[in-house]
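Topology and contacts: notes
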Amino acid sequence: MTGGHHATGVLEVVVGSMFSGKSEELIRRVKRAVIARRSVQVFKPSIDDRYGADLVRSHDGDSFVARPVRSSAEIGPLLAPETSVVGIDEVQFFDPQIVGVVRELVDGGRRVICAGLDLDFRGEPFGPVPLLLALAERVDKLEAICVVCGESATRTQRIVDGVPAYYEDPIIVVGAQEAYEARCRTCHTVPRRSTVTA
Ligand code: ADP
Ligand code: ZN
């Protein structure tokens, strides 16, 4: 240990569908780091240009302070020198450069914990997450409960106006009622998905 930093950096990635407990797990890990008297900073992608202190919040109500950022480039300049543990929630929404930013943090001796969706609503690998999974020392793939059949859920079902979203539906459908559900592979439905897609 030097200067409060871990001697060796490490990347931990927590993935799974919506409701699988990723935020819970991220919050659990950073709270334990605080108990261990590590300096912790948590970042998340900003929505609606909100700034200042915000929270990572789990569906169960637990929370931890998090700083919203508009891009991965904002993380470096916001980092305090004494920070040895960095949490990043909703990592799937970051730009591709997040991978390089995370690598630098880890190379600098920090423990970085990324949490996010491994798959989008179509069941396709989500943004920078596949690369982060490959680079991680530790990977945890959490499962939710399928709301249809009660088995373990690995997918996120997107429902638009009461029906399963189409494969080619835009990420934002203006004026539509949207919902997301945890579902298993069998109960997950993506109309118009080609079966040849990897
Ligand atoms: P994530 O960050 O992966 O979306 P959260 O950590 O925010 O998940 O929330 C996990 C919590 O959500 C569970 O502990 C449970 O209380 C609640 N929950 C609601 N629906 C489900 C479900 N279908 N399967 C599992 N947990 C669920
Ligand atoms: Zn199911």
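Details of the structure are given in the entry above.
Residues numbered from 1 in each chain as written. Chains lettered and ligands numbered in written order. Predicted model: local features only at pLDDT ≥ 70, side-chain atom pairs only at ≥ 80, totals over all residues. Heavy atoms only, no water.

Here's the deal with the pattern of salt bridges
Rule in force here: Take a side-chain nitrogen of Lys or Arg and a carboxyl oxygen of Asp or Glu: if they are within 4 Å of each other, that pair is a salt bridge. The helix count covers DSSP runs of H or I at least four residues long, the strand count covers runs of E at least two residues long, and both are numbered beginning at the N terminus. Relative accessibility thresholds used throughout: buried, under 20% of the residue-type maximum; exposed, over 50%; partly exposed, between the two (1.4 Å probe, protein chains only).
Tallied over the entire structure, the rule returns 14 salt bridges. Notably, a salt bridge pairs Arg70 with Glu74, separated by 3.3 Å at the nearest N-O pair. Here Asp118 ties to Lys141 by a salt bridge, and the two come within 2.9 Å at their closest N and O atoms. Of the two residues, Asp118 is situated in the loop between strand S6 (111–117) and helix H4 (129–135) and Lys141 in strand S7 (residues 138–142); the sequence distance between them amounts to 23 residues. Taking relative accessible area as the criterion, Asp118 reaches 5% and is therefore assigned buried. For Lys141, a relative accessible area of 57% translates into the label exposed.

Points about helix H3 (residues 98–107)
Convention followed: The arc refers to the directions leading from the helix axis to the C-beta atoms. Contacts are residue-level and defined by heavy atoms, with any inter-residue pair within 4.5 Å sufficient.
Of all the residues in H3, the buried ones are Ile98, Val99, Val101, Val102, Leu105 and Val106. Taken down its axis, H3 places every buried residue within 165° of arc, on the same side. Counted as exposed and oriented over 90 degrees from the buried face of H3: Glu104 and Asp107. Against strand S1 (10–16), helix H2 (75–78), strand S5 (85–88), S6 and H4 lie the buried residues of H3. In the stretch just after H3, Gly109 is the one whose phi turns positive, near 95°.

Examining the coordination of the zinc ion (ligand 2)
What counts is decided by this rule: Metal donors: N, O and S atoms at distances within 2.8 Å, or within 3.2 Å for Na, K and Ca, with water omitted from the atom set so that some sites may seem incomplete.
Here the zinc ion (ligand 2) is held by Cys146 (SG), Cys149 (SG), Cys184 (SG) and Cys187 (SG), and the distances to it run 2.3 to 2.4 Å. Taken in chain order, the donor set of the zinc ion (ligand 2) reads C-x2-C-x34-C-x2-C. Linking Cys146 in the loop between strand S8 (144–145) and strand S9 (152–153) with Cys184 in the segment after strand S12 (178–183), this pair joins segments that are 38 residues apart in sequence. The burial state of Cys146 is the same as that of Cys184; both residues are buried.

Considering the layout of surface pockets
The following threshold applies: Cavities and pockets are defined on a 1 Å grid built over the protein atoms alone: a cavity is a set of grid points where a 1.4 Å probe fits but cannot escape, while a pocket is an open set with protein on both sides within 12 Å along at least five of seven lines, and lining residues are those with an atom within 4 Å of any such point. Grid points are joined across faces, edges and corners, and a volume is the space filled by probe spheres set on the points. Amino acids are sorted into nonpolar (Ala, Val, Leu, Ile, Met, Phe, Trp, Tyr, Cys and Pro), charged (Asp, Glu, Lys and Arg) and polar (every other residue, Gly among them).
Put simply, the largest pocket is a space of about 980 Å³. Forming the boundary of the largest pocket are 34 residues, of which Met18, Glu90, Gln92, Phe93 and Leu117 lie nearest the centre. Put simply, the parts of the chain that give the lining of the largest pocket at least two residues each are helix H1 (22–35), strand S2 (40–45), strand S3 (54–57), strand S10 (155–160) and S12. Examining the composition of the lining of the largest pocket, we find that 4 residues originate from one element, S3, more than from any other. The class makeup of the residues in the lining of the largest pocket is 14 nonpolar, 8 polar and 12 charged.

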